[in-house]
Amino acid sequence: MNIAVILAGGVGTRLGISLPKQFFKVAGKMVIEHAVDVFEKNEMIDEIAIVINSHYTFMVEDMIIKNGWFKVKRILEGGEERYHSSLAAINAYQDFKEANLIFHDAARPLVSQRIVNDVILAMEHYSAIDVAINSADTIIEVEKDIITAIPNRAKMRRGQTPQGFKQAIIAKAYKLALKDENFEATDDCGIVKKYLPKEKIFVVSGEEVNMKLTYPEDTYILDKLFQLRSAEIQNFPLSPELLVDKVMVVFGGTYGIGESIVKLATLNGVKVYNFSRSHNNTDISKIEDVKKALLEVFQIEKKIDFVVNTAAVLHKEPLETMSYEFICDAVNTNYFGMLHVALSSLPYLKKSKGHILFFTSSSYTRGRAFYSIYSSTKAATVNFVQAISQEWESFGIKVNCINPERTQTPMRVKNFGNESEDTLLKPELVALRCIQTLQSNCTGQVIDVRLL
């Protein structure tokens, strides 16, 4: 029996926020939710226990219901020190001597399925497992600000979690440790190493991205790492069960990426309605047009499951020479149009617990000359998506945005002329990533689409 123990009893004072760090939100969910999700979805995990400070038990109970975590069987009370949390789980499973207890820090939300699987498989041969990565930096031993030793870096590793143990082994190690008057808690592998020195501890290779949220700057790094991981999330086939007879509204579906989305969704059984300036005189910069379009679809279908906004304009020229008319056109379409689509879609998506998808651009990460208006509105798109994904999470609505690299579209040709096809994404690939995102459960994410 493989039992995951999520250690979430800490208070995380170094992060400088009012709630413990495991409740910090990133990519649409709390850090602890991302961590538990990994083990909930792992086919080899049989049960999950969450160790939490008693003040926050109610929050975990709400998460279990909201996320539909069927494997979470126990909520255990943690203590002041980290080892108190481990001990709570060890004692809770004292009748499961042969069980594998797999301890994981709730503040490591990016642990991969590969790491979890490798830990479980290694436990077929060893009773104690650690996860570690090589150290790129030289490790020094210091006393009173003076170097006392420089260990051989080739032998040094940086420890991570999960750490796995046979229940009987970790229980025995703690029993001996608690009898030691000079006991100083390290991590759980450290306790096994000290008090059961003959017990071999096997090391599974970790990953740099399996980082622990500790300091304020870590929040920015985590956010970027979740964006980079988005390709992994999208790597699954289209599912008829999740798409057939769904109703989709696409704004800007006449040309380019929008047209490809309309075609691919239709091929997969989705009922698609396209609205655009050229197709039916729908202008998303006018909220009345957006409301009219959505109401028209709802009156026919009695529901709306997906809303996709691909409509955007790009005027590539210096701000100094750009006409005020062009500036207003870009802001009204790219920014206010996004607001209009979101606000007008909300009542319908509340009913369907649906999914709304926007499009940003690779230029959102850094402003570029001649793109001042376009880049700034696309940066606003990312910020907006991340914000409303949290606001609308309680409604069961998923909010994401696609970030495609340079794509072969009429808008690009208009601004850049004809370019080598080898350097551009095909709209069909972007459309595929779009539909894959819509059938997923992710929210608050920027889904990068890159050339292979």
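Refer to the structure presented above.
Calculation rules
- Each chain carries its own residue numbering, running from 1 in the direction its sequence is written.
- Confidence filtering applies because this is a predicted model: local features only for residues at pLDDT of at least 70, side-chain atom pairs given and counted only at 80 or more, and all residues used for totals across whole chains, interfaces and linings.
- Values reported for side chains reflect all heavy atoms of the structure, with hydrogen atoms and water molecules removed beforehand.
- For Phe, Tyr and Trp, rings pair up if their centres lie within 6.5 Å, where Trp contributes its six-membered ring, and each pair is then called stacked (planes under 30 degrees apart), edge-to-face (over 60) or tilted (otherwise).
- Secondary structure elements follow DSSP: runs of H or I no shorter than four residues count as helices, runs of E no shorter than two count as strands, and numbering proceeds from the N terminus.
- Relative accessibility decides the category of a residue: with a 1.4 Å probe and only protein chains considered, values under 20% of the type maximum give buried, values over 50% give exposed, and everything between is partly exposed.
- In our convention, an over-ring charge means Lys NZ or Arg CZ found within 6 Å of a ring centre and within 35 degrees of that ring's normal.
- Every axis in this analysis is a line fitted to C-alpha atoms, fitted for helices over the stretch in contact. Angles between the N-to-C directions lie between 0 and 180 degrees.
- Just so you know how the angles are binned, under 35 degrees is roughly parallel, over 145 roughly antiparallel, 65 to 115 roughly perpendicular, and the rest oblique.
- By definition, any crossing whose near helix is turned counterclockwise from its far helix by less than a right angle is left-handed, and any crossing with a clockwise turn is right-handed.
- Any pair of residues with heavy atoms lying within 4.5 Å of one another is described as a contacting pair.
- Throughout this entry, Asp, Glu, Lys and Arg are counted as charged residues, while Ala, Val, Leu, Ile, Met, Phe, Trp, Tyr, Cys and Pro are counted as nonpolar. The remaining residues, Gly among them, count as polar.
- One fewer than the residue count of a helix, multiplied by 1.5 Å, yields its expected span.
- Criterion used throughout: strands pair if DSSP finds at least two bridges between them.
- Put simply, a salt bridge is a Lys or Arg side-chain nitrogen that is within 4 Å of an Asp or Glu carboxyl oxygen.

(A) How the structure looks around the packing of aromatic side chains. Using the criterion set out here, one finds ten aromatic pairs in the structure. With centroids separated by 5.1 Å and ring planes inclined at 45°, the aromatic side chains of phenylalanine 298 and tyrosine 348 adopt a geometry described as tilted. Residue phenylalanine 298 is found in helix α12 (residues 287-301), and its partner tyrosine 348 is found in helix α13 (residues 324-352); the two are separated by 50 residues along the sequence. Accessibility expressed as a relative area gives 15% for tyrosine 348, which makes it buried. Members of the aromatic cluster, joined through ring pairs, are Tyr83, Phe183 and Tyr195. The side chain of arginine 74 reaches across the aromatic face of tyrosine 93, ending 4.3 Å from its centre. One residue, lysine 350, lies across the ring of phenylalanine 395, its end atom 4.3 Å from the ring centre.

(B) The arrangement of the packing of helix α10 (residues 256-267) against helix α16 (residues 427-438) in detail. Contact geometry for α10 and α16: axes closest at 8 Å, N-to-C directions at 60°. What the angle tells us is that α10 and α16 run oblique. Judged by the sense of rotation from one axis to the other, the crossing of α10 with α16 is right-handed. Of the residues in α16, those in contact with Gly256, Ile257, Ser260, Ile261, Leu264 and Ala265 of α10 are Pro427, Glu428, Val430, Ala431, Leu432, Cys434 and Ile435. Class assignment of the residues belonging to the contact of α10 with α16 gives a composition of ten nonpolar, two polar and one charged.

(C) Inspection of α16 at higher detail. Compared with the 16 Å implied by 1.5 Å per residue over twelve residues, the 17 Å span of α16 between its first and last C-alpha is a close match. The buried fraction of α16 amounts to nine of the twelve residues, a majority that puts the element mostly inside the structure.

(D) Quick peek at the sheet that holds strand β6 (residues 100-105). One open sheet holds the seven strands; their spatial order is β5-β4-β1-β6-β10-β7-β11, and the pairing between them is mixed. Looking at the sheet topology across the chains shown, the edges are occupied by β5 (72-77) and β11 (202-205). For this sheet the average axis-to-axis angle between neighbouring strands, irrespective of direction, equals 25°. Across five bridges, strand β4 (residues 47-52) lies against β5 in parallel orientation.

(E) View of the sheet that holds strand β14 (residues 306-309). The six strands lie next to each other as β13-β12-β14-β15-β16-β17, forming an open sheet whose pairing is parallel. Since the sheet does not close on itself, it has two edges, and those belong to β13 (271-275) and β17 (446-449), each with one partner. For this sheet the average axis-to-axis angle between neighbouring strands, irrespective of direction, equals 20°. In this sheet, β13 lies alongside strand β12 (residues 247-251) in parallel orientation, the contact comprising five bridges. Bridge assignment links phenylalanine 251 to a residue of β13, and that residue is phenylalanine 275. Across the sheet, α13 is in contact with β12, β14 and β15 (355-359); its angle to β15 comes to roughly 170°. Relative to the sheet, helix α14 (residues 372-391) contacts β15, β16 (398-404) and β17, its axis offset from that of β16 by approximately 155°.

(F) Representation of unusual backbone geometry within the structure. The omega torsion across threonine 161 and proline 162 is 15°, close enough to zero to call that bond cis. Structurally, the position occupied by proline 162 is in strand β10 (residues 157-166). The phi dihedral of aspartate 245 is positive, around 70°, even though this residue is not glycine. The topology assignment puts aspartate 245 in the loop between α9 (240-243) and β12. When its relative accessible area of 46% is taken as the criterion, aspartate 245 is described as partly exposed.

(G) Spatial organisation of the packing of helix α5 (residues 167-177) against helix α6 (residues 188-195). Where α5 meets α6, the axes come as close as 9 Å, and the angle between the chain directions of the two elements is 70°. Compared by their axis directions, α5 and α6 come out roughly perpendicular. Contacts from Ile170, Ala173, Tyr174, Leu176 and Ala177 in α5 reach Asp188, Ile191, Val192 and Tyr195 in α6. The residue makeup of the contact of α5 with α6, split by class, is eight nonpolar, no polar and one charged.

(H) Expanded view of α10. Spanning twelve residues, α10 covers 17 Å between terminal C-alpha atoms, matching the ideal 16 Å at 1.5 Å per step. By the burial criterion, the buried members of α10 are Gly256, Ile257, Gly258, Ser260, Ile261, Val262, Leu264 and Ala265. Of the residues trailing α10, glycine 269 is marked for its positive phi of about 85°.

(I) Highlighting the pattern of salt bridges. Applying the stated criterion across every chain yields a total of 17 salt bridges. Between lysine 66 and glutamate 393 there is a salt bridge; the shortest N-O distance is 3.1 Å. Remark: glutamate 393 occurs in the loop between α14 and β16 and lysine 66 occurs in helix α2 (residues 57-67); sequence separation between them is 327 residues. Looking at glutamate 393, the relative accessible area reads 14%, which means it is buried. For arginine 114, the salt bridge is made with aspartate 118, and the minimal N-O distance between the two is 2.9 Å. On the criterion of helical spacing, the pair formed by arginine 114 and aspartate 118 is a turn pair, its members being four residues apart in helix α4 (residues 113-122). Since its relative accessible area comes to 31%, arginine 114 is described here as partly exposed. Among the residues examined, aspartate 118 registers a relative accessible area of 29% and is labelled partly exposed. Shared partners join several salt bridges into a network, and the residues in it are Arg82, Asp105, Arg108, Asp188 and Lys212.

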